Amino acid sequence: MDQTAKIYVAGHRGLVGSALVRALQAKGFGNLLLRTSRELDLTRQSAVEHFFRAERPDYVFLAAARVGGIWANSTQPAEFIYQNLMIEANIIQAAKETGVRKLLFLGSSCIYPKLAPQPLKEEYLLTGPLEPTNQAYALAKIAGIELCRSYNLQYGTDFISVMPTNLYGINDNFDLESSHVLPALIRKFHEAKISGKKQVVVWGTGQPVREFLHVDDLAAACLFLMENYSGSDIVNIGCGAGLTIRALAELVKEIVGFAGEIVFDTGKPDGTPVKLLDISRLTGMGWKPRISLRDGITATYHWWAKG
Ligand code: GFB
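Residues numbered from 1 in each chain as written. Predicted model: local features only at pLDDT ≥ 70, side-chain atom pairs only at ≥ 80, totals over all residues. Heavy atoms only, no water.

J.: Whenever I open this one, the overall build of the protein chain confuses me. Can you help?
T.: A count of helical and extended segments in the protein chain gives 10 helices and 13 strands. Computed over the C-alpha atoms, the radius of gyration of the protein chain is 19 Å, within 12% of the 19 Å expected from 2.2 N^0.38 for a compact globule of 307 residues. Expressed as lengths along the three principal axes of its C-alpha atoms, the size of the protein chain is roughly 60 × 40 × 40 Å. A buried classification covers 52% of the 307 residues belonging to the protein chain. Pairs at least 24 apart in sequence give 81% of the contacts found in the protein chain among residues at least 6 apart. As displayed, the protein chain has an accessible area near 13,300 Å², and 52% of this comes from carbon and sulfur atoms. One finds the centroid of the 32 positive side-chain charges in the protein chain at a distance of 3 Å from the centroid of its 30 negative side-chain charges. (Helix = DSSP H or I, 4+ residues; strand = E, 2+ residues; numbered from the N terminus. Rg over C-alpha atoms; globule rule 2.2 N^0.38 Å. Buried < 20%, exposed > 50% of the residue type's maximum accessible area, 1.4 Å probe, protein only. Contact = heavy atoms within 4.5 Å. Areas by Shrake-Rupley, 256 points an atom, 1.4 Å probe, with all protein chains shown as cover. Lys, Arg positive; Asp, Glu negative; His and termini not counted. Charge placed at Lys NZ, Arg CZ, Asp CG, Glu CD.)

Below you can see the structure in the form of structure tokens.
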């Protein structure tokens, strides 16, 4: 991508989109095309077509999505599948119609089968049943992968698909009902510390294993792949290590400085037992993560606590 290229970051105010904007600006890409969801409803095809015809971006980072944690996915599956299907189909079709040079589609590690061997290799996609708590979202993202592959095959487009592991960082969603685990734990331990509560409730058994990548590492990997990779094979993006939810809770408790006890609400779902990505395809291209989980959580907590 040359420095003057017009780059559309769909979803630029979210966790991933805002990290992409920071990374692009830091590398001197000043011609960024940004629209809020109020300015452009990506679920409306005619609005998206009109926008692409008027603006004609050279590159697209498709980071706009309806996202959420295990509880939001379990309780609002129709919204997750509908909105994500519409956003990706509208943008990918309009990108093809207007000759976008390259598009990067952001999927998710939840596309893999619930009980696939760990760590998850890209070729495990569609080899088994999905995790029920986020099947709707996963199928929407799998459809996005297939859209990119089919458009590349039939129209010769250069649309790549990347599969990030669980992400965290600034501009994350900290709402306790709809968020992912890490921001929820930061908020729970902080509010318990401030209010003098003796306990913090962690959902599930604490036994599931998850991998967490700081969103600035994700953004760096996306720019790396946009510059260095073309093809229809998906690429995992992660940090190569995981920990149990119990260990994560202990780490966040220590960083926040909460002195009380952790209790587990086993009435809440655990979801996928283990979700770790094999990132050898990406590391084999020369990329590696830089932000440790402890440093990343500490920086995220300080940013959030400053309000
Ligand atoms: O991060 P999370 O909501 O999503 O949950 P997934 C991860 C694990 O943390 C689950 C536990 O076992 C939760 O039960 N957990 C413990 C909590 N306390 C909490 C809490 O206070 N809030 C939340 N949210 N979880 C997501 C998918 O699955 O992974 C998304 O639902 C997306 O669609 C994302 O794919 C990457 O990791 O289970």
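J.: Got a minute to help me understand the nonpolar core in this structure?
T.: The tendency in soluble globular proteins is for nonpolar side chains to be buried as a group. Core analysis: the biggest nonpolar cluster contains 40 residues, and Tyr8, Leu42, Phe52, Ile91, Leu103, Ile111 and Tyr112 have the highest contact counts within it. Listing elements by their share of this core, those giving two or more residues are strand S1 (7-10), helix H2 (45-55), strand S3 (59-62), helix H4 (77-97), strand S4 (102-106), helix H5 (135-155) and strand S5 (159-164). The contact partners of tyrosine 112, leaving out residues within four places of it in the chain, are Leu120, Lys121, Glu122, Tyr124, Leu125, Leu130, Met163, Ile234, Asn236 and Leu277. (Core = buried A, V, L, I, M, F, W, Y, C linked by side-chain atoms within 4.5 Å.)

J.: How do you make sense of the pattern of salt bridges when you look at a structure like this?
T.: If charged atoms from side chains of opposite charge come close, those side chains can pair. Here the structure, examined in full by the defined rule, presents 13 salt bridges. For glutamate 55, the salt bridge identified is with lysine 6, shortest N-O distance 3.0 Å. Taken together, the positions of glutamate 55 in helix H2 and lysine 6 in the segment before S1 put the pair 49 residues apart, joining distant regions of the chain. Where glutamate 55 meets arginine 35, a salt bridge forms, and the shortest distance between an N and an O atom there is 3.0 Å. With a gap of 20 residues between them, glutamate 55 in helix H2 and arginine 35 in the loop between strand S2 (32-33) and H2 connect regions that are remote in the sequence. (Salt bridge = Lys/Arg side-chain N within 4 Å of Asp/Glu carboxyl O.)

J.: Is there a simple way to explain the environment of valine 201 in this structure?
T.: Mapping valine 201 onto the fold places it in strand S7 (residues 199-203). The class of valine 201 is partly exposed, set by a relative accessible area of 38%. Along the primary structure valine 201 and aspartate 217 are separated by 16 residues, whereas in three dimensions their C-alpha atoms are 29 Å apart. In contact with valine 201, not counting residues within four places along its chain, are Lys188, Val263 and Asp265.

J.: Explanation requested: empty space enclosed by the protein in the structure shown.
T.: Any space left empty among the atoms is revealed by the rolling of a water-sized probe across them. Within this structure, the stated rule accounts for one cavity of 30 Å³ or more. Each pocket or cavity is described by its volume, and for the largest cavity that value is around 40 Å³. Contributing to the lining of the largest cavity are Ser109, Cys110, Tyr112, Pro113, Lys114, Leu120, Glu131, Asn134, Thr272 and Lys275. Its residues assigned to classes, the lining of the largest cavity shows four nonpolar, three polar and three charged. (1 Å grid on protein atoms, 1.4 Å probe; cavity = no way out; pocket = protein on both sides within 12 Å on 5 of 7 lines; lining within 4 Å. Points joined across faces, edges and corners; volume = space filled by probe spheres on them. Nonpolar A, V, L, I, M, F, W, Y, C, P; charged D, E, K, R; others polar.)

J.: Please clarify how the sheet that holds strand S13 (residues 274-275) should be interpreted in this entry.
T.: Through backbone hydrogen bonds, the strands of a sheet pair up, either in parallel or in antiparallel fashion. Pairing is mixed in the open sheet, where three strands are placed in the order S11-S8-S13. A single partner strand is all that each edge strand has here, and the edge strands are strand S11 (243-244) and S13. In this structure, strand S8 (residues 209-210) lies alongside S13, joined through two bridges in parallel fashion. Bridge pairing links arginine 210 to lysine 275 in S13. (Pairing = 2+ DSSP bridges.)

J.: Before we go on, may I ask you to explain unusual backbone geometry in this structure?
T.: Excluding glycine, a negative phi dihedral is what most residues carry, and trans is how most peptide bonds are arranged. Residues glutamine 118 and proline 119 are joined by a peptide bond in cis, for which omega reads -5 degrees. For arginine 56, which is not glycine, the phi torsion reads 45 degrees and is therefore positive. With respect to the element layout, arginine 56 can be found in the loop between H2 and S3. By relative accessible area, arginine 56 is classed as partly exposed at 47%. The backbone phi angle of asparagine 171 is positive, close to 65 degrees, even though this residue is not glycine.

J.: Would you take a moment to explain the site of the ligand for this structure?
T.: Taken together, 22 residues lie around the ligand, and Ile70, Asn166, Lys188, Pro269 and Asp270 are the ones closest in. Here valine 181 contributes a backbone N or O atom positioned 2.9 Å from an oxygen atom of the ligand. Within the side chain of lysine 188, a nitrogen or oxygen atom sits 2.8 Å from an oxygen atom of the ligand. Across the complex, the protein chains shield 97% of the 700 Å² of accessible surface that the ligand would expose by itself. Counting only elements with at least two residues in the shell around the ligand, the list comes to helix H3 (70-75), helix H6 (181-195) and S7. When grouped by side-chain class, the residues that make up the shell around the ligand number 10 nonpolar, eight polar and four charged. (Near = heavy atom within 4 Å. Polar contact = N/O pair within 3.5 Å; in protein donor to acceptor, adjacent residues only side chain to side chain.)

J.: Just checking my understanding: could you explain the packing of aromatic side chains for this structure?
T.: Where two aromatic rings form a pair, the distance of their centres and the angle of their planes describe that pair. One pass over the structure, following the stated rule, counts nine aromatic pairs. Between phenylalanine 189 and phenylalanine 258 the ring centres are 5.6 Å apart and the planes differ by 50 degrees, which places this aromatic pair in the tilted class. On the criterion of sequence distance, the pair formed by phenylalanine 189 in helix H6 and phenylalanine 258 in the loop between helix H8 (245-256) and strand S12 (261-265) is long-range, its members being 69 residues apart. Overall, the relative accessible area of 0% leaves phenylalanine 189 in the buried class. Among the aromatic residues, those joined into a cluster by ring pairs are Tyr8, Phe51 and Phe52. Lysine 96 extends its terminal NZ or CZ atom over the ring of tyrosine 155, reaching a point 4.1 Å from the ring centre. In this arrangement the basic side chain of lysine 268 is found over the ring face of tryptophan 71, its NZ or CZ atom lying 5.0 Å from the centre. (Phe/Tyr/Trp six-rings, centres within 6.5 Å; stacked < 30°, edge-to-face > 60°. Lys NZ or Arg CZ within 6 Å of the ring centre and 35° of its normal.)

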